[in-house]
Structure formats: structure tokens, C-alpha cells
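Geometric and topological summary
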Amino acid sequence: MKIRIDRIDACRWRIPPFGKMRTEGLVFATEKMLKALEEEQALEQVCNVATLPGIVGPSIGMPDIHWGYGFPIGGVAAFDPADGVVSPGGVGYDINCGVRLLRCKLSVDELNGLRDRLADALFRNIPSGVGSQRRDLKLSRQDENRVLTSGARWAVNQGFGTDEDLDRIEEQGCLPGGRPELVSDKALERGRSQLGTLGSGNHFIEVDQVAEIHDGEAAAALGLFQDQVTVTIHTGSRGLGHQVCDDFLRVMHRASQKYGIELPDRQLCCAPLASPEGKEYLAAMACAANFAFANRQLITAWVRESFERVLEKGPVDLGLSVVYDVCHNIAKWETHPVGGRERRLCVHRKGATRAFPPGHPDIPAVYRSVGQPVLIPGDMGRYSYVLVGTREAYAETFGSTCHGAGRVMSRHAAKKQARGHRIAAELAEQGIVVRAAGHATLAEEIPAAYKDVADVVRVVHDAGIGKIVARLRPLIVIKG
Amino acid sequence: MKGSLKKFRYLEHTADMGLEVAGDSLAELFIHAAAGLREMIFGEISEHAADRQEWITVEGEDVEELLVGWLNELLFLFETRGFVPLTFRMERIGIGDMSATVYGAAFDENRFPVLREVKAVTYHRLAVKKMKRGWRASLYVDL
């Protein structure tokens, strides 16, 4: 399908409504990115989302947008509580997949000679890979229910972390309204053995170095300094979230028929926010989101433990603390200014990150002068970025920005390109120590398989929907 | 769809992967889809020494939902019980429900090295069609 798209400025494009679209599409991209997008279906998916009932404002595509299931990955859409809908396809299978950044007091030099040992310790202490389980953390059904209602708080109560950690997590690490009775036995069974595991694919733990500071004031507020050692954790709700999504796609398929919602794509199935099905999905989704918050909290504790053991330093000397933790697959109730008045909306972010502006009450007091930290991982060979949220994002994109690099190469193509290359050895030559569980993971995750994340963050920075604070360079990569 | 497809082949997708599947009957289509999913996770498995079995029943309001349900059930068994499916016997298959016996082995990393994790089989561009001869399906998985 050829879609008409009009240029607004150097990084904004508008898709005027056509067919059954109820609103316009708004895409953030350079001309070059847009050319690549026209070859796949991501733009069509932006249009599909615009056909859903009760959508408020445009259907938004971020610069890392690519073809997803139902919603594009890199899609943002907000819905009215009275006549809008909620869609599991607008959240994704990996509910509350997200990123957490830790900082410490160490400079990169202090890891000299220890990188391999640290990589081994992290790889050993944090289960990764397909079907990874933690044998020493057996959850009872009762415990699991607590995880689903209290999120990262549960982990802190068990001794994994501190109250200060909780202050620096989106939603303080707990989405309210979780109802474990709506989570199926199958989802609970998948979750029980997977809490505290990384998973595989694009999930990772990285030890990074602050390679470049772009905004000194914001970096200082975030506690970041040049050459500092940081840790990035990227994972989500594991099998529990996948199962909740799958279970509710069935419910939503029936609900779409029941409420007469016409769908351009079955994966976009949804239910009115005011319906029992819509409310139940949000309550089950909150449980999965809380599972993911607890998961990242546990992994944080084991990262701390690994550092302490290898560096032979105590927690105070290391100072491994949470900078922030963001969700990038979620639907949430938020209040946003629309047409001059505040409205409560259900904002879907699928492969997009909340980026609230300076002064917003929902961000930790310590960051209120600079804006909410936004964590944008890149590929394993190049760099990741730390940004902060802006007033422009709040006004234009429901306080949202991009979430990562976005693939440009299929896994098959990546493997073909990787053939004959010793990926781990080549990364080691660049000073990056890699440990990977899956046999195909390294080849499929080669840096060339992803967009250059610098191009992605440059677009959101230039558009004003995010402000670059610092660039991180990988030192150690643990892949599932 | 080309006519030469015997069992299944992979479909390209930027972020994920798909399968195009063929079968003489609906039962065979489901079995080939299961074999395709297994190969996506483990690559080719040459040995078929099954030492355990699982019974799977799935209900669905159409054949598409049945296919997704069947494959996701296999993912569930692998993830929670470490059950690697090797051979399949379809016991019954209708429009609204199906049941099958699956013969398999316990997951052992040395015997069955894992290539990649499949999170879920999706409804995206899902199609199950009866052809002049046999059945065809295409589906995408979330990786």
C-alpha cells in the first residue's frame, strides 16, 4: 500500500487521515529513515492504529519504528477512557520489557584486568538464555501473588535492594490495580521459575563506560561522570508476560466482535477501556508489569553481588545505585494536556519510553530540575544513550520518546552477514568482553543488524522530544 | 504461495521470524507447523528417541486460533516442563478443537542445543487456507 506522507520539518512527517483512520499519523524520522520505512509495513501499522475507536491525538511513530505485531514497535497512542480501547497488541508480548541503568563510584581504569572475571561472574550469577530458571529462588503461589501486586517492592522487602532503588523506578516499581486472580495458571507456572532471569534474544546486561557527556548539568543531576562505570539491564516479564498477552488476545478477539470494533489486523484486537474485558486486561497486564519490575530488581541485587565479589569492595565503596528504570512496552493511565485541558488517558507505549519533562510530579525529586531519565540501549558493539524528557515531548507525544536502535536486518540476513566472522573475538579486539548463552544469539545480534542508535537519538533530540545527556560505550556484554 | 513447499520454510521479518507451512490434510499441516517451530528453536534434530509423552488439547473458535493455541502449548511445555517435542500424533482435529499426543524427550542442552528463544506464536498475518490440494498456513512468531 502506498501511503501519502507529508513533510512537516527535518524530522517530522504527517500522514493525513484516509480510509477508516480517525486521526492523523505523526512519524519522527529523517528522510533516509523514512525511505527505509516505506519498504516495510510499519507506516501501514501507524495508520491501522489510527482507526481504533477513541484515539486521542495522532497515532505516533518514533524514529526506531519497525514492523511489529498489531501496533508497530516504536508506536505511541492514547485513548479516551469513555470511548477508547485498550489493546494487548499495543503493549506487546513482553509486557513491561524495560531498561534499568545503574551507576557506581568506579572509573573504567578500576576494571583493568578484571573484565573477564566480572563477565564470568555476571554470566554465572544471573541465569540467561532460553528457559533460564533460578533453582535457588523457588516462589510459592502466595509469594508470586505478592510479586504480581507489589512489583519491585516485593524484592526490596525480601532484602534485594533498598527503598532508594524504588524511588528511581517508573511508577516506583509498582503499577497499581494488579489482580492476580486474572492471571492464568499457565502464566503463573511460566513465571514461577523465571523470576530473576534475563531471558534471551535482545535482552542483555551490559557493563558500560560513560564515553561522552553531552549535557553537563543533567549528567551531574543523574550522578554521571566521564569514564564512570555503569550497568544497563534490559529484560521484561519473561514467560509470564508472554502468556498474559496470549491469553488476552483470545479474550480481546471475542471482545472486538462483541463490541463491534472493526479491525484491520487481528493482532490489533481490543476492548473498550470501560468494558469488563478492557479492565481485566489492564489488571492482568499490571501483574505482568510488576513481575518485570521485580525481575529487574532481583537482577540488580545479583549485579551488585557480582561486583562486590570480583572487585573485593563493599557496597558503600562501590556505590552501585539505580539511576532510573523505564518501561518500554506498557499501557498506562496518565494525565496529559490536550487542547488546553488536562485529560486522563490510557497511553500505549510499544517500543517507546515515557519521557516526562522537568517539574513533572511523577518523576523523582532529585531529577525534577532536569527531567525524567530516559535510557536508550543500542547494539552490543557501539553505544547506548542516556537522555532526559522534555516539555516538547509532554506537549506533542504524550510525554514519550524512542526506545532503542530498532532492527534493520532480519535474523537470517544477520546470520548470513556474520558467517565467517568470529563475533566474540572481533568484539574483544574492540575491548568488549562478551558472554552469550544462545548459539545463534551473537550472530543474530551483530551490530550491523541494528540501526545506528546515534541516528535515532539525534532525531528525537533535534525534534525536541528528548535531550541527549550522555553516551555509554559497552565494556562487558552478557547476552541470553 | 509456491507449489513446491513440502513441509515448511522460514519467512523473513525484520524483527522476528515466520513460517510458511504445507500439509496434505489439516492434521498434517498442524504437525508440520509444530516441526517448523521446533526447528526454529533447536535447528534440525536428527535423533528421535522419545521417552515421554504429553497429551495436548486445544479449543478455538476458528482454525487459526487452534493453530496458534497448539503451537503456544508446545512452547509452554518446553518452558515449564523442559519437554522437547519430537514426534506428533494427531488424535482428532475439527474446526473448534483438537487433541494430539506428542512424544518427546527431556531438555538437555548437550543433546538439544538451543538456537533461539521463541516468546510466542502470534496472530499477525496469520492465514490458514484450504487449497485445491491440501492446506497452507503462514504465521509469525515473536522472538
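Residues numbered from 1 in each chain as written. Chains lettered and ligands numbered in written order. Predicted model: local features only at pLDDT ≥ 70, side-chain atom pairs only at ≥ 80, totals over all residues. Heavy atoms only, no water.

Describing the overall build of chain A
Counting secondary structure elements, chain A contains 16 helices and 19 strands. In terms of overall size, chain A behaves like a compact globule, its C-alpha atoms giving a radius of gyration of 21 Å where 480 residues would be expected to give roughly 23 Å. Referenced to the eigenvectors of the C-alpha coordinate spread, the extents of chain A come out at roughly 60 × 50 × 50 Å. Contacts spanning at least 24 positions in sequence make up 77% of the contacts within chain A whose residues lie at least 6 apart. In the form shown here, chain A has an accessible surface area of approximately 16100 Å², with 48% of it arising from carbon and sulfur atoms. Charged side chains in chain A number 59 positive and 58 negative. The centres of these two groups are separated by 3 Å. (Helix = DSSP H or I, 4+ residues; strand = E, 2+ residues; numbered from the N terminus. Rg over C-alpha atoms; globule rule 2.2 N^0.38 Å. Contact = heavy atoms within 4.5 Å. Areas by Shrake-Rupley, 256 points an atom, 1.4 Å probe, with all protein chains shown as cover. Lys, Arg positive; Asp, Glu negative; His and termini not counted. Charge placed at Lys NZ, Arg CZ, Asp CG, Glu CD.)

Quick word on the interface of chain A and chain B
Contacts between chain A and chain B engage 47 residues on the former and 38 residues on the latter. Where chain A meets chain B, there are eleven salt bridges. The salt bridge involving R190 of chain A is made with E79 of chain B; its shortest N-O contact spans 2.8 Å. Counting across the interface, chain A meets chain B through 20 residue pairs in polar contact (both at pLDDT 80 or more). Of all the secondary structure elements, the ones that give two or more residues to the side of chain A that touches chain B are α7 (185-192), α9 (238-258), α13 (411-418) and α15 (441-444) of chain A. For the side of chain A that touches chain B, the leading source of residues is α9 of chain A, giving ten residues. Across the side of chain A that touches chain B, the residue classes tally to ten nonpolar, 22 polar and 15 charged. (Salt bridge = Lys/Arg side-chain N within 4 Å of Asp/Glu carboxyl O. Polar contact = N/O pair within 3.5 Å; in protein donor to acceptor, adjacent residues only side chain to side chain. Nonpolar A, V, L, I, M, F, W, Y, C, P; charged D, E, K, R; others polar.)

With respect to the pattern of salt bridges
Residue and element names in this part refer to chain A. Counted by the stated rule, this structure contains 49 salt bridges over all chains. R100 is paired through a salt bridge with D325; the nearest N and O atoms lie 2.7 Å apart. Of this pair, R100 sits in strand β7 (residues 98-107) while D325 is found in strand β11 (residues 321-327), placing the two residues 225 residues apart along the sequence. A salt bridge links E305 to R309; the nearest nitrogen and oxygen atoms lie 3.1 Å apart.

Considerations on the side chain of R304 of chain A
All names here are of chain A. Counting through the fold element by element, R304 comes out in helix α10 (residues 276-311). For R304, a relative accessible area of 14% translates into the label buried. Contacts of R304, omitting those with residues within four sequence positions, involve G161, D165, L320, S321 and V322. (Buried < 20%, exposed > 50% of the residue type's maximum accessible area, 1.4 Å probe, protein only.)

Details of the sheet that holds strand β3 (residues 52-59) of chain B
Residues and elements named next belong to chain B. What the three strands build is an open sheet, ordered β3-β5-β4; its pairing is antiparallel. Strands with a single pairing partner mark the edges of an open sheet, and in this sheet they are β3 and β4 (83-93). In this sheet, adjacent strand axes meet at a mean angle of 25 degrees when their direction is disregarded. Taken together, the nine bridges between β4 and strand β5 (residues 97-106) define a ladder with antiparallel strand orientation. Note on β5: the bridge partner recorded for R89 is T101. Contacts from helix α2 (residues 63-81) reach β3, β4 and β5 within the one sheet, and its direction differs from that of β3 by about 145 degrees. (Pairing = 2+ DSSP bridges. Axes fitted to C-alpha atoms, helices over the stretch in contact; angles between N-to-C directions.)

Focus on the packing of helix α3 (residues 115-125) of chain A against α10 of chain A
Residue and element names in this part refer to chain A. Direction vectors running N to C along α3 and α10 enclose 145 degrees, while the axes themselves pass 9 Å from each other. Where α3 crosses over α10, the two elements pack in a sense that is right-handed. Where α3 approaches α10, its residues R117, L118, A121, L122 and N125 are matched on the opposing element by W302, V303, S306, F307, R309 and V310. (Left-handed = near helix turned anticlockwise from the far one by under 90°.)

Quick look at the packing of α9 of chain A against α10 of chain A
Residues and elements named next belong to chain A. In the contact formed by α9 and α10, the axes pass within 10 Å of each other and the chain directions differ by 170 degrees. If you check the angle between α9 and α10, you find them roughly antiparallel. Each of R238, L240, G241, V244, F248, V251, M252, A255 and K258 in α9 lies in contact with α10, whose residues at this interface are E277, G278, E280, Y281, A284, M285, A288, F291 and N295. For the contact of α9 with α10, the per-class residue count stands at eleven nonpolar, three polar and four charged. (Parallel < 35°, antiparallel > 145°, perpendicular 65-115°, else oblique.)

Looking at helix α4 (residues 141-150) of chain A
All names here are of chain A. Of the residues making up α4, those classed as buried are E144, V147, L148 and S150. Here the buried face of α4 lies against α5 (152-157), α7, α9 and α10. One or two steps after α4, the chain reaches G151, where phi turns positive at roughly 60 degrees.

Quick word on the sheet that holds strand β12 (residues 329-338) of chain A
Residues and elements named next belong to chain A. Strand order across the open sheet formed by seven strands is β1-β2-β3-β4-β5-β13-β12, with mixed pairing between neighbours. One side of each edge strand has no neighbouring strand; the edge strands of this open sheet are β1 (6-9) and β12. For this sheet the average axis-to-axis angle between neighbouring strands, irrespective of direction, equals 25 degrees. Sheet topology note: the β1/strand β2 (residues 12-15) ladder contains three bridges and is antiparallel. When the bridges of β2 are listed, D6 appears paired with R14.

Considering the pairing of strand β13 (residues 341-350) of chain A
Residue and element names in this part refer to chain A. The buried count for β13 comes to seven of ten residues, which makes it a mostly enclosed element. Where strand β5 (residues 73-79) and β13 come together, five bridges link them in antiparallel fashion. Its bridge partner being in β13, F79 is matched across the sheet by C346. Both β12 and β13 contribute to a ladder of ten bridges, which runs antiparallel. Looking across to β13, one finds that V338 is bridged to R341. The hairpin formed by β12 and β13 contains two residues between the paired strands, and G339 there has a positive phi angle of roughly 55 degrees.

A few points about the environment of G223 of chain A
Residues and elements named next belong to chain A. Considering the arrangement of structural elements, one finds G223 in the loop between α8 (216-221) and β9 (228-235). For G223, a relative accessible area of 25% translates into the label partly exposed. Between the C-alpha atom of G223 and that of G74, which follows or precedes it by 149 residues, the distance is 28 Å. With residues up to four places along the chain from it excluded, the contact list for G223 reads R103 and Q228.

Let's talk about the state of the cysteines
All names here are of chain A. A full pass over the atoms with the stated rule returns zero disulfides over all chains. With no disulfide of its own, C287 lies 9.5 Å from the sulfur of C174, the closest cysteine sulfur. On the basis of relative accessible area, C287 is assigned to the buried category, the value being 0%. Free cysteine: C346, not disulfide-bonded; nearest cysteine sulfur from C270 at 11 Å. Judged by relative accessible area, which is 0%, C346 ranks as buried. (Disulfide = S-S within 2.5 Å.)

Topic: unusual backbone geometry
Residues and elements named next belong to chain A. The phi angle at D227 is positive, at roughly 70 degrees, despite the residue not being glycine. Counting through the fold element by element, D227 comes out in the loop between α8 and β9. Classification of D227 by relative accessible area gives partly exposed; the value is 28%. Positive phi outside glycine occurs at F398, with the angle close to 55 degrees. Mapping F398 onto the fold places it in the loop between α12 (391-396) and β17 (400-401).

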